[in-house]
Amino acid sequence: MSTPTGSPTGSPTGTFSIRPLEPIKDAELLHRWVTDPKAAFWLMQDAKLQDVEREYMAIAAAEHHDAFIGLHDGEPAFLMERYDPAHVELVGLYEPEPGDVGMHFLTAPSDVRIPGFTRAVITTVMEFLFADPAARRVVVEPDVRNKAVHALNEAVGFVPARVVQKPEKQALLSFCTREQFLAATGVAAV
């Protein structure tokens, strides 16, 4: 997969950009994020620093999976993973189509609440994914119990398809095309 960096995108909540994740440099930061109680659905609550390094080094070396750090006003604020669902995460659980791209995102824990922040993050992530002309549809598979992310997904155009059983969870398989993203957000995906 190619690894473009995202151009800064302005919103009422600040400026967002995306850069490739550096597994060793970013491991300590990621460890704080993925082990925070608010990141329970990330399934890394008991991870040690070395586990996080190992996980993201494996992703960096993978042909069909990559990870990025999202910046808010220049500071690390979210994690995004992009994957090819024909080869990672959803193999055998649905019929992939050309142009499908899978996505995970996690906002950093914070004591400061910024109204609209998480929606601005997912909008930034979707713009980034659709900046690749080969991307035709974004695929997600969050835990069925994660009602907050289901609402966010729907707000940017995702349509739930069905529940699939993954080894680690029951997941709500959902899809969003460029057209659905535009209709839901008014943001024209490149």
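Above this note sits the structure.
These numbers come from a predicted model, not from an experiment.

Overview of the overall build of the chain
On a plain count of helices and strands, the chain comes out with 5 helices and 8 strands. Order of helices (α) and strands (β) in the chain, N terminus to C terminus: β-β-α-α-β-β-β-α-β-α-β-β-α. For 190 residues, the compact-globule formula gives about 16 Å, and the C-alpha radius of gyration of the chain, at 15 Å, lands near that figure. With the principal axes as the frame, the chain shows a C-alpha extent of 40 × 40 × 30 Å. Counting the 190 residues in the chain, one finds 46% classified as buried. Of the contacts formed within the chain by residues at least 6 apart in sequence, a portion of 61% connects residues at least 24 apart. As presented, the chain carries roughly 9,500 Å² of accessible surface, and 55% of it is formed by carbon and sulfur atoms. Computed over 17 positive and 26 negative side-chain charges, the inter-centroid distance for the chain is 4 Å.

Observations regarding helix 1 (residues 23–34)
Here helix 1 contains 12 residues, and its C-alpha end-to-end distance of 14 Å is more than 12% below the 16 Å for a straight helix at 1.5 Å per residue. Along helix 1, the positions that sit buried rather than exposed are P23, D26, A27, L29, L30, W33 and V34. Those residues of helix 1 that are buried lie in contact with strand 2 (14–20), helix 2 (49–61), strand 3 (65–72), strand 4 (75–83) and strand 5 (100–107).

Description of the nonpolar core
Formed by 27 residues in total, the largest nonpolar core has its most connected members in M103, M126 and V138. When contributions to this core are tallied by element, the ones reaching two or more residues are strand 2, strand 4, strand 5, helix 3 (117–130), strand 6 (137–140) and helix 4 (147–155). Considering each element in turn, this core owes the most residues, 9 residues, to helix 3. Excluding anything up to four places from it in sequence, V138 contacts V101, M103, M126, L129, F130, F158, S174, F175 and C176.

Regarding the layout of surface pockets
The volume enclosed by the largest pocket comes to roughly 1,200 Å³. Together, 46 residues line the largest pocket, and K38, W42, F105, L106 and T107 are the ones closest to its centre. Of all the secondary-structure elements, those providing two or more residues to the lining of the largest pocket are helix 2, strand 3, strand 4, strand 5, helix 3 and helix 4. With 5 residues, the top contributor of residues to the lining of the largest pocket is strand 5. Partitioning the lining of the largest pocket into residue classes produces 24 nonpolar, 9 polar and 13 charged.

Brief notes about the packing of helix 1 against helix 2
Two elements in contact, helix 1 and helix 2, have axes separated by 8 Å at closest approach and are oriented at 120°. When the axis of helix 1 is compared with that of helix 2, the two are oblique. When the axes of helix 1 and helix 2 are compared, the crossing they make is right-handed. Contacts between helix 1 and helix 2 involve P23, I24, A27, E28, L30, H31 and V34 from the former and L49, V52, E53, Y56, M57 and A60 from the latter.

Scoring rules and cut-offs
Residues numbered from 1 in each chain as written. Predicted model: local features only at pLDDT ≥ 70, side-chain atom pairs only at ≥ 80, totals over all residues. Heavy atoms only, no water. Helix = DSSP H or I, 4+ residues; strand = E, 2+ residues; numbered from the N terminus. Rg over C-alpha atoms; globule rule 2.2 N^0.38 Å. Buried < 20%, exposed > 50% of the residue type's maximum accessible area, 1.4 Å probe, protein only. Contact = heavy atoms within 4.5 Å. Areas by Shrake-Rupley, 256 points an atom, 1.4 Å probe, with all protein chains shown as cover. Lys, Arg positive; Asp, Glu negative; His and termini not counted. Charge placed at Lys NZ, Arg CZ, Asp CG, Glu CD. Expected span 1.5 Å × (residues − 1). Core = buried A, V, L, I, M, F, W, Y, C linked by side-chain atoms within 4.5 Å. 1 Å grid on protein atoms, 1.4 Å probe; cavity = no way out; pocket = protein on both sides within 12 Å on 5 of 7 lines; lining within 4 Å. Points joined across faces, edges and corners; volume = space filled by probe spheres on them. Nonpolar A, V, L, I, M, F, W, Y, C, P; charged D, E, K, R; others polar. Axes fitted to C-alpha atoms, helices over the stretch in contact; angles between N-to-C directions. Parallel < 35°, antiparallel > 145°, perpendicular 65-115°, else oblique. Left-handed = near helix turned anticlockwise from the far one by under 90°.

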